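Residue strings, one per chain:
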Amino acid sequence: MTVAPSALAPAPPLAARARSVGGSPVRDILAVTARPEVINFAGGLPAPELFDAEGIAEAFRAVLAETPARALQYATTEGEPALRAALAARTTARGLPTEADDILVTTGSQQALSLLATALLEPGDTVLVESPCYLAALQAFAFAGARVVAVPGDADGVDPEALAELVARERPKLLYTVPTFQNPTGRTMSAGRRAAVAEVAGRCGLWIVEDDPYGELRFEGERVPWIASYEGARDRTVLLGSFSKVMAPGLRLGWLRAPAQLRRACAVAKQAADLHTPTVNQLAAARYLADRDLDAHVARVAGAYRERRDAMLAGLADALPAGSVWERPEGGMFLWARLPESYDTTALLGDVVRHDVAYVPGAPFYAGEPDRSTMRLCFVTQTPEEIGEGLRRLGVGLGLGA
């Protein structure tokens, strides 16, 4: 018997979290600005012409020629031993003693955020974040049903006194921070602030999730130690890393370094999510680290990115209205600008895109009341010449001239 469509009962509804959490505004903007003629300052995409494509291809060829059965087989959830050992060695060399067993390999560091949300958060738990904050972290915490509260701060990072007050009042589970070349602002938390944040975490009982996808892309200044290296925070800090910005994002390789109990909980969550990160990608990355000089490659990339940052800094005064201010990042991929209060960068985006250039409005990066006059500009994907032309178009789109 055939049932008429009108007689069918409706399908059960989506889960409440799926109905309440929207998509990424950045992804939505990128979809609109995908036309090749658009000079796109909106994305967070590394420059593809700077990938070491031949080195990565050679690593895959070697792995598939020498150990094809292993490379194409299932693997352990925690990650390939060779890659975990290499990651531990790199972390130790940068001042944070680490063993291979301290590392869990993830499918990009974005997955690490989802695993941590699963392992740590109950619906209704409070999470503290920077203001503004990395968009996809806000998305991950919202999907877990968390209540997200912004911590006041300034160019040096979160305010430790405000953090301590919020911890006492809100009883949060964790603080999420990108302390080095932050997304979206490009700011770097000072060493003094890092020490103070570590002290608050140790004294008040707080997990710190320290996300570091950009830290190796330093153009100038001295490296600042990880929060995880400070005594007060060592047993309660999760350090996230990624190859997306220094090797290639298409590999989808990230990792987390965490205390044993939390790391094991994240491994169980990962078993439920995807069993393990692709074996062949892990082995190829380990082979690349063994055969090639990743640090030399990163230095070349950072040199090119510095030129692009300087080109953007040089052109902003003519591209933005009088009274605008912006920050000079010492590395990373992003520059943050604030226009006069009368400007709403969300409302203006449509006019700007019609001039074949794009940025990301600042409002979606805020957990609390947004500053609608702000914008994020990615300076690494275009050449200095393209950046100059893009800024000219931006000025026209903002009504500053023909």
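Keep in mind the model is a prediction, meaning the values are calculated, not measured.

Asks: Explain the pairing of strand β10 (residues 254-257) here, please?
Replies: Looking along a regular strand, one sees side chains alternate from face to face of the sheet. Of the two faces of β10, the one holding Gly254 and Leu256 and the one holding Trp255 and Arg257 are both buried throughout. Sheet topology note: the strand β2 (residues 103-106)/β10 ladder contains 4 bridges and is antiparallel. Across the sheet, the residue bridging to leucine 104 is leucine 256, located in β10. Looking at chain direction, strand β9 (residues 237-242) and β10 are connected through 4 bridges and run antiparallel. Note that in β10 the partner of glycine 241 across the bridge is tryptophan 255.

Asks: Even after reading the chapter, I still don't get helix α14 (residues 384-397), so can you show me in this structure?
Replies: Residues spaced three or four apart along an α-helix face the same direction, because each turn holds 3.6 residues. In this model, α14 (14 residues) spans 20 Å end to end at C-alpha, consistent with the 20 Å of a helix rising 1.5 Å per residue. Within the sequence span of α14, burial applies to Ile387, Gly390, Leu391, Arg393, Leu394, Gly395, Val396 and Gly397. Buried residues belonging to α14 abut β1 (39-40), α12 (294-319), α13 (345-353) and β13 (357-358). Glycine 399 occupies a position one or two residues after α14 and carries a positive phi of about 85°.

Asks: Got a minute to help me understand the side chain of threonine 279 in this structure?
Replies: Mapped onto the fold, threonine 279 is located in helix α11 (residues 279-291). Among the polar contacts listed, one links the side chain of threonine 279 to the backbone oxygen of glutamine 73, at a separation of 2.7 Å. With sequence-adjacent residues up to four places away left out, threonine 279 is seen in contact with Arg70, Ala71, Gln73, Tyr74, Ala75 and Glu80.

Asks: In this structure, what is going on with the layout of surface pockets? I would like to understand it.
Replies: Once rolled over the atoms, a probe with the size of a water molecule shows which space is left empty. For the second largest pocket, the calculated volume is near 430 Å³. Lining the second largest pocket are 22 residues; nearest its centre among them are Arg94, Asp212, Gly215, Glu216 and Trp226. Of all the secondary structure elements, the ones that give two or more residues to the lining of the second largest pocket are α5 (81-93), β9 and α12. With 4 residues, the top contributor of residues to the lining of the second largest pocket is β9. Taken together, the residues of the lining of the second largest pocket break down into 10 nonpolar, 5 polar and 7 charged.

Asks: I'm lost on the pattern of salt bridges in this one. Help?
Replies: Side-chain pairing between opposite charges can occur once the charged atoms of the two side chains come close. Under the defined criterion, the tally for this structure stands at 31 salt bridges. One salt bridge in this structure joins aspartate 291 and arginine 287, with 2.7 Å as the shortest N-O distance. Taken as a pair, aspartate 291 and arginine 287 lie in helix α11 at a separation of 4 residues, close to a single helical turn. What makes arginine 287 partly exposed here is its relative accessible area of 24%.

Asks: Teacher, can you tell me more about the packing of aromatic side chains here?
Replies: Remark: the centre distance and the inter-plane angle together describe each pair of aromatic rings, the angle taken between the planes. Within this structure, the stated rule accounts for 6 aromatic pairs. Residues phenylalanine 141 and tyrosine 176 carry aromatic rings whose centres are separated by 5.7 Å and whose planes lie at 70° to one another, so their mutual orientation is edge-to-face. Of the two residues, phenylalanine 141 sits in helix α7 (residues 135-143) while tyrosine 176 sits in strand β7 (residues 174-177), which places them 35 residues apart along the sequence. For the pair tyrosine 214 and phenylalanine 334, a centre-to-centre distance of 5.7 Å together with 85° between the ring planes defines the contact as edge-to-face. You can see tyrosine 214 sitting in the loop between β8 (207-211) and β9 and its partner phenylalanine 334 sitting in strand β12 (residues 334-338), a full 120 residues away along the chain. With relative accessibility at 4%, the residue tyrosine 214 sits in the buried group. Joined through ring pairs, the aromatic side chains of Trp336, Phe365 and Tyr366 make up one cluster. Taking the ring centre of tryptophan 226 as reference, the NZ or CZ of arginine 223 above it sits at 4.6 Å.

Each value, and the rule that gives it
Residues numbered from 1 in each chain as written. Predicted model: local features only at pLDDT ≥ 70, side-chain atom pairs only at ≥ 80, totals over all residues. Heavy atoms only, no water. Buried < 20%, exposed > 50% of the residue type's maximum accessible area, 1.4 Å probe, protein only. Helix = DSSP H or I, 4+ residues; strand = E, 2+ residues; numbered from the N terminus. Pairing = 2+ DSSP bridges. Expected span 1.5 Å × (residues − 1). Contact = heavy atoms within 4.5 Å. Polar contact = N/O pair within 3.5 Å; in protein donor to acceptor, adjacent residues only side chain to side chain. 1 Å grid on protein atoms, 1.4 Å probe; cavity = no way out; pocket = protein on both sides within 12 Å on 5 of 7 lines; lining within 4 Å. Points joined across faces, edges and corners; volume = space filled by probe spheres on them. Nonpolar A, V, L, I, M, F, W, Y, C, P; charged D, E, K, R; others polar. Salt bridge = Lys/Arg side-chain N within 4 Å of Asp/Glu carboxyl O. Phe/Tyr/Trp six-rings, centres within 6.5 Å; stacked < 30°, edge-to-face > 60°. Lys NZ or Arg CZ within 6 Å of the ring centre and 35° of its normal.

Any functional reading would require information that these geometric values do not contain.
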